Amino acid sequence: MRQALTILPCVALVFAGVRGGAALQNAKKTGGVTKGTVDVCALLTPAEIEAIQGERVEETKPAVQPGGGSFANQCLFRTPTLSKSVSLSLTASDPLHPVALTARQLWQKQFHSLEVESDEESAEGKSVKKLEPERERESRKPRPVRGLGEEAYWVASPVASALYVLKGETFLRISVGSAGQESERMEKLKALARAALKRL
Amino acid sequence: MKVIRFCLWIPFVVLILASTVALVVTDPLPVRAQVGTPPSSTISSSSGPLAWDFGPVGGGTVINVGIQDICPPGLCDDHDLTVVLPSPAATFYQTMTAKLTFQYTWTSTLPTDLDIFAISPSGADHGPGSPDNTSTGPGEEDLTVTDPIDGLWHIRSVASLAPVPTAAHVAVTLMIAPRPTAPMPPPPAPGAPTFINYPAPDDCTGTQQPPSCIQPSTGSTTAGEHGAGEPSIGVDWNTGKAFIEAGNHTLRVTFNDSVNPATAFWEDKRSPFARVSLDPIMFVDDGHFGGPNRLFSSQLNLITSELSFSDDNGNNWLPTQGSGQPAGVDHQTVGGGPYAFPAPLTPTGYPHGIYYCSQDIVTAFCSRSDDGGTTFGPGVPIYTFAHVNGADVPIAPGTCGGLHGHVRVSPDGTVYVPNENCFDANSVSRPGVAVSTDNGLSWVVRTVPDGKSISPGTDPSVGEGANNTIYLGYVNSDGHAKIAVSGDRGLHWSKSKDAGTPFGVQNAEFAEVIVGDDDRAAFAFLGTQTSGDTQSADFQGVWHLYVAFTYSSGRTWTTVDATPTDAVQRGCIWNQGGSNPCRNLLDFNDITVDKFGRVLVGYADGCTGSCVTDPTQNASTGPASAQDALATIARQVGGRGLFKAFDGTQFGTQSGVIEGHGKLCFGDPATGIQGDPGCKANN
């Protein structure tokens with residue numbers, strides 16, 4: 001079953017690549033990813049999202065958030081069913097503030113200062129080791145995900161799980177809603193991450 | 001910048017830390033370095049100032065791992081200081097106060113951060129001093145301990161970051177003075193708001209039957225009324241039933257207003273989907289802004305998170321999609337309200353957007369539900385943070401620390417998530433709100449310009465009025481309970497008002513705000529007239545629940561003591577997570593308003609039974625009666641409420657008979673309006 005869940009999004013992505021060819025071309029024509037500025041809404045095509053989430057994209061909503069030496073460009077791909085929408089953000093070093101915390105340093109600080117689960121399959125049902133006496137920090141369990149970018153982590157949430165992927169001096173955060181089981185959501189996000197990584 | 005510098009020293013620091021850990025592991029006996037001159041001394045109120053030199057300390061611990069408690073040689077130097085008071089602390093401080101002040105100085109040639117700690121005879125850590133930063137050349141930290149207990153203190157010089165072993169010098173003074181007479185609490189003015197407190201009864205045992213006790217829900221051995229830290233409260237505006245949730249129990253309270261004072265009937269309506277809980281949150285999408293009174297219960301345990309809801313006052317519960325699945329980092333909050341224009345097409349016709357906000361590893365995020373909480377959309381980041389020295393902190397203007405308060409939605413659909421620690425445009429830490437005007441699709445952070453973040457923090461609270469004015473209640477860096485008002489979604493704020501001034505409140509915790517009419521708000525907080533470090537096991541403050549009311553858009557406030565004869569807590573209130581004897585109340589209280597404008601505050605009472613009358617009891621040392629967390633509701637029974645339409649009607653109660661027959665029963669001391677003296681006679 002797990003293999004099927006892994007394979008299905010990949011197959012879907014192949015079809016999406018065919019169907020979404022025009023959108024991808026458009027993304028490349030408009031720059032897609034250029035140094036200093038990133039159109040995060042061009043990192044995924046509507047066809048790719050429709051192929052994986054099963055619904056068309058009705059709206060893309062870009063936004064930018066600050067982040068000391070980094071900037072986080074966001075895009076919300078809204079589908080008719082909100083829980084199938086996709087939130088994608090790209091954190092990259094800010095060329096205007098080169099001395100502050102870079103995106104890669106932020107990644108190191110956030111993911112490597114925590115004790116993480118050794119295997120992505122082992123979290124559920126396992127007793128949790130107390131890490132440090134800080135409020136709610138006991139529950140931090142980013143789970144490594146193999147085969148994506150330089151590093152990838154899965155952060156579970158009952159309503160909006162997220163997948164983080166590091167590549168070079170940038171990292172992605174992709175989140176979907178609560179539709180489906182966690183394993184299904186993870187496979188879908190991995191497929192979406194692979195598609196976005198190709199354009200970085 | 002400090003972050004970057006720390007990174008450069010990490011290899012060196014890791015070596016030192018590793019050797020320290022090895023030392024501790026191989027030698028379980030406490031290691032206390034004493035190379036300073038002299039190694040011990042005694043100070044009293046008559047001895048005058050003292051001074052000594054600490055021996056050189058080097059290396060560093062980068063993060064606070066409690067190295068001051070071990071004090072290994074090389075990293076730390078100890079000086080034993082005996083504090084002598086004219087009489088034992090327990091009696092001396094009833095009429096006197098004292099300050100033990102350390103001026104700690106050093107000189108360095110490389111960037112250096114030394115810290116001073118004072119460890120009391122009871123083992124309470126005080127420190128580091130202030131400013132706690134890295135400097136080159138002359139360095140200084142100052143540390144003041146208010147009302148130090150008598151006995152042997154360990155004063156320690158600790159290297160936080162010292163590439164070259166560095167000696168330090170300390171000058172110490174002990175000043176005593178008569179304890180200032182606390183300002184007499186103002187007598188309740190005619191017409192001032194008044195409250196009756198309703199503590200939850202104990203579990204039914206043996207042949208006991210409600211209403212004198214609570215029957216635990218099926219499958220439970222207790223209703224959890226004594227484990228009610230960080231409670232949520234809400235009211236169904238149709239049925240009038242109130243709900244208070246803590247732990248994994250949702251307690252339903254039915255007030256009988258046909259008798260005076262009203263009586264309360266408590267029931268345990270625990271959701272079957274609420275299993276073990278770490279972060280309980282309840283939310284009633286009440287009729288204030290047109291909600292259908294759906295009751296949500298959110299529970300996080302260390303493995304999964306459960307979100308369920310009820311449309312029949314807790315008799316039946318349904319899980320939302322996603323419940324029972326693994327949960328990573330959380331600290332969730334659930335809220336809801338009308339949509340901003342243009343409202344999305346919704347699949348079920350549920351009138352409100354429901355928001356679930358939380359934090360993960362890099363961002364805090366909010367997720368919206370368009371079907372009444374059955375399913376949720378993706379998590380949209382609301383700000384980014386970084387993990388530094390054991391805390392998630394803001395990293396740039398417009399970002400906040402990781403932990404946030406409760407999400408609220410105003411009538412115009414604007415969504416607010418309050419946070420104690422956000423960076424303004426100059427990277428100064430201030431209380432603020434993350435704001436979304438497009439139904440949670442994008443967010444910005446706005447801060448209160450005259451507020452300063454307190455550390456360790458306590459959640460602020462935001463409330464919204466009928467015409468979208470927002471009120472942000474928070475604990476300022478000086479410990480005072482402050483509240484600011486904005487009429488433009490946080491772009492501009494009024495000058496913050498100190499709501500504890502009438503009672504001389506010096507320290508506050510657990511700010512909670514609710515708004516009714518646009519110009520009327522209530523601000524509840526725990527407050528004590530005792531200054532000093534509320535996190536210290538030695539703290540002797542007595543805490544009460546105060547509620548401040550405004551009927552003038554925040555220009556004036558009337559503050560009342562809702563628990564005048566019964567302390568809510570004696571001693572410290574710990575708000576740094578983990579386990580601590582003073583963490584019995586956990587992290588927040590809650591406040592709501594019913595359809596008549598009556599304010600209800602849900603709180604955990606930490607001082608019950610013999611603690612109420614025994615001033616020697618203390619949360620840090622017990623007994624259990626001073627470390628309780630009893631579910632309690634403070635319910636407004638007098639004064640004006642938050643809806644002008646019900647002024648003078650005693651909240652429209654008394655079996656439907658409007659009290660006062662249209663006369664103004666209760667005035668407003670803040671504006672000089674007097675209640676009609678004949679009001680009661682007309683009842």
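In this text, all values refer to a predicted model and were calculated from it rather than measured experimentally.

Engineer: Before we go on, may I ask you to explain the overall build of chain A in this structure?
Structural biologist: Along the backbone of chain A there are 5 helices and 9 strands. In chain A, which comprises 200 residues, the share counted as buried stands at 52%. Restricting the contact set of chain A to residue pairs at least 6 apart, pairs at least 24 apart contribute 53%.

Engineer: Would you mind showing me how to read the overall build of chain B here?
Structural biologist: In terms of regular secondary structure, chain B is built from 3 helices and 38 strands. Looking at the 683 residues of chain B, the share that counts as buried comes to 57%. In chain B, once contacts between residues fewer than 6 apart in sequence are set aside, the share between residues at least 24 apart is 63%.

Engineer: Can you help me understand helix H4 (residues 103-111) of chain A in this one?
Structural biologist: An α-helical turn contains 3.6 residues, so a residue and the one three or four places further along point in the same direction. When H4(A) is considered as a whole, its buried residues turn out to be Ala103(A), Leu106(A), Trp107(A), Gln110(A) and Phe111(A). One face of H4(A) carries all of its buried residues, which in axial projection span an arc of 105°.

Engineer: How should I be thinking about the domain arrangement of chain B in this particular structure?
Structural biologist: Note on interface size: it is often stated as the accessible area lost on association of the parts. Residue and element names in this part refer to chain B. Here chain B is described as being made up of domain 1 (2-178) and domain 2 (194-646). Centre-to-centre separation of domain 1 and domain 2, based on C-alpha positions: 37 Å. When grouped by side-chain class, the residues that make up the side of domain 1 that touches domain 2 number 6 nonpolar, 5 polar and 1 charged.

Engineer: Would you mind going over the sheet that holds strand E30 (residues 497-498) of chain B with me for this structure?
Structural biologist: Strand pairing within a sheet occurs via backbone hydrogen bonds; the two strands may be parallel or antiparallel. Residues and elements named next belong to chain B. Strand order in the open sheet formed by 4 strands is E27-E28-E29-E30, and the pairing between neighbours is antiparallel. Of all strands in the sheet, those bounded by a partner on one side alone are strand E27 (461-464) and E30. In terms of strand pairing, strand E29 (residues 481-486) meets E30 through 2 bridges, oriented antiparallel. Bridge pairing links Lys482 to Asp498 in E30.

Engineer: When you look at the sheet that holds strand E11 (residues 249-256) of chain B in this model, what are you seeing that I'm missing?
Structural biologist: Residue and element names in this part refer to chain B. Pairing within the open sheet is antiparallel, and its 4 strands lie in the order E9-E10-E11-E12. The outermost strands of the open sheet, each flanked by one partner alone, are strand E9 (232-235) and strand E12 (263-268). Ignoring which end each strand starts from, the neighbouring axes of this sheet average 25° apart.

Engineer: Where do I start with the nonpolar core in this structure?
Structural biologist: Here is a general trend for soluble globular proteins: nonpolar side chains tend to be buried in one another's company. One finds Tyr164(A) and Val547(B) to be the most contacted residues of the largest nonpolar core, which totals 180 residues. Sort the elements by how many residues they give to this core and helix H5 (residues 182-197) of chain A lands first, with 7 residues. Look past the residues within four positions of Tyr164(A) in its chain and what remains in contact with it is Ala152(A), Tyr153(A), Val155(A), Phe171(A), Leu172(A), Arg173(A), Ile361(B) and Val362(B). Leu81(B), Leu100(B), Phe102(B) and Ile155(B) belong to the second-largest nonpolar core, a separate cluster that totals 30 residues.

Engineer: For this particular structure, what's the right way to read the environment of Leu278(B)?
Structural biologist: Residue and element names in this part refer to chain B. Inspection of the secondary structure assignment puts Leu278 in the loop between E12 and strand E13 (281-285). Given 19 C-beta atoms within a 10 Å radius, Leu278 is considered partly exposed. As a C-alpha pair, Leu278 and Ser120 span 158 residues in sequence and 31 Å in three-dimensional space.

Engineer: Looking at this structure, I do not really get the pairing of E9(B). What am I missing?
Structural biologist: Looking along a regular strand, one sees side chains alternate from face to face of the sheet. Residue and element names in this part refer to chain B. Of the two faces of E9, the one carrying Ser232 and Gly234 and the one carrying Ile233 and Val235 are both buried. As paired elements, E9 and strand E10 (residues 242-246) share 4 bridges and run antiparallel to each other. Residue Ile233 lies in a different strand from E10, and its bridge partner there is Ile244. Connecting the antiparallel pair E9 and E10 is a turn made up of 6 residues, with Gly240 showing a positive phi of about 80°.

Engineer: Would you take a moment to explain the packing of helix H3 (residues 46-53) of chain A against H5(A) for this structure?
Structural biologist: A packed helix pair is summarised by two numbers, namely the angle formed by the two axes and the spacing between the axes. Residue and element names in this part refer to chain A. Two numbers describe how H3 lies on H5: the axes approach to 10 Å, and their chain directions differ by 165°. Accordingly, the angle class assigned to the pair H3 and H5 is roughly antiparallel. The two elements H3 and H5 cross, and the hand of that crossing is right-handed. Facing H3, whose interface residues are Glu48, Ile52 and Gln53, H5 presents Lys188, Ala191, Leu192 and Ala195. Looking at side-chain class alone, the contact of H3 with H5 contains 4 nonpolar, 1 polar and 2 charged residues.

Engineer: Looking at this structure, how should I read H5(A)?
Structural biologist: All names here are of chain A. Its 16 residues give H5 an end-to-end C-alpha distance of 22 Å, which sits within 8% of 22 Å, the value for a rise of 1.5 Å per residue. Burial within H5 is extensive, with 12 of its 16 residues counted as buried. Those residues of H5 that fall on the buried side of the exposure criterion are Glu182, Arg185, Met186, Glu187, Lys188, Leu189, Lys190, Ala191, Leu192, Ala193, Ala195 and Ala196.

Engineer: Would you mind going over the pairing of E10(B) with me for this structure?
Structural biologist: Residues and elements named next belong to chain B. Taken across its 5 residues, E10 has 5 buried, putting it largely inside the fold. Side chains of E10 alternate between two faces, with Ala242, Ile244 and Ala246 and Phe243 and Glu245 buried alike. Turn length for the E10-E11 hairpin, with the two strands adjacent in sequence and antiparallel, is 2 residues, and the turn residue Gly247 shows positive phi of about 55°.

Engineer: Looking at this structure, I do not really get the confidence of the model for chain B. What am I missing?
Structural biologist: All names here are of chain B. In the predicted model, chain B carries a mean pLDDT of 86, and the fraction of residues at 70 or more is 86%. Confidence drops under pLDDT 50 across residues 1-31; counting only partners more than four residues distant or on other chains, this segment forms 30 contacts. A low-confidence stretch, residues 653-671 stays under pLDDT 50, and its non-local contacts, those more than four residues away or across chains, total 61 contacts. Confidence metrics for the complex model read pTM 0.78 and ipTM 0.77.

Engineer: How should the confidence of the model for chain A be read in this particular structure?
Structural biologist: Atom-level detail of predicted coordinates should not be read off regions where pLDDT is low. Residues and elements named next belong to chain A. Of all residues in chain A, 64% have pLDDT values of 70 or greater, and the mean over the chain is 72. Counting contacts from residues 1-36, a segment whose pLDDT is below 50, to residues more than four positions away or on other chains yields 48 contacts. Counting interchain partners and residues more than four positions distant, the pLDDT-below-50 stretch residues 115-139 has 53 contacts.

Engineer: Explain the environment of Gln321(B) to me, please; I cannot follow it from the model alone.
Structural biologist: Among the structural elements, Gln321(B) can be located in the loop between strand E16 (318-319) and strand E17 (325-326). Judged by the 21 C-beta atoms lying within 10 Å of it, Gln321(B) falls in the buried class. Not counting residues up to four positions away in its chain, the partners in contact with Gln321(B) are Ser178(A), Ala179(A), Thr374(B) and Thr375(B).

Engineer: Sorry if this is basic, but what is going on with unusual backbone geometry here?
Structural biologist: Excluding glycine, a negative phi dihedral is what most residues carry, and trans is how most peptide bonds are arranged. All names here are of chain B. Backbone torsion omega between Ser130 and Pro131 reads 0°, so that peptide bond is classified as cis. Examined against the element boundaries, Pro131 turns out to sit in the loop between strand E5 (125-126) and strand E6 (135-146). At the junction of Ser455 and Pro456, the peptide bond is cis and its omega measures out at -5° in the coordinates. For Ser553, which is not glycine, the phi torsion reads 60° and is therefore positive.

Cut-offs applied
Residues numbered from 1 in each chain as written. Chains lettered and ligands numbered in written order. Predicted model: local features only at pLDDT ≥ 70, side-chain atom pairs only at ≥ 80, totals over all residues. Helix = DSSP H or I, 4+ residues; strand = E, 2+ residues; numbered from the N terminus. Buried ≥ 20, exposed ≤ 12 C-beta atoms within 10 Å, placed from the backbone. Contact = placed C-beta atoms within 7 Å. Arc of directions from axis to C-beta. Domains from an automatic or database assignment. Nonpolar A, V, L, I, M, F, W, Y, C, P; charged D, E, K, R; others polar. Pairing = 2+ DSSP bridges. Axes fitted to C-alpha atoms, helices over the stretch in contact; angles between N-to-C directions. Core = buried A, V, L, I, M, F, W, Y, C linked by C-beta atoms within 7 Å. Parallel < 35°, antiparallel > 145°, perpendicular 65-115°, else oblique. Left-handed = near helix turned anticlockwise from the far one by under 90°. Expected span 1.5 Å × (residues − 1). pLDDT = per-residue confidence, 0-100.

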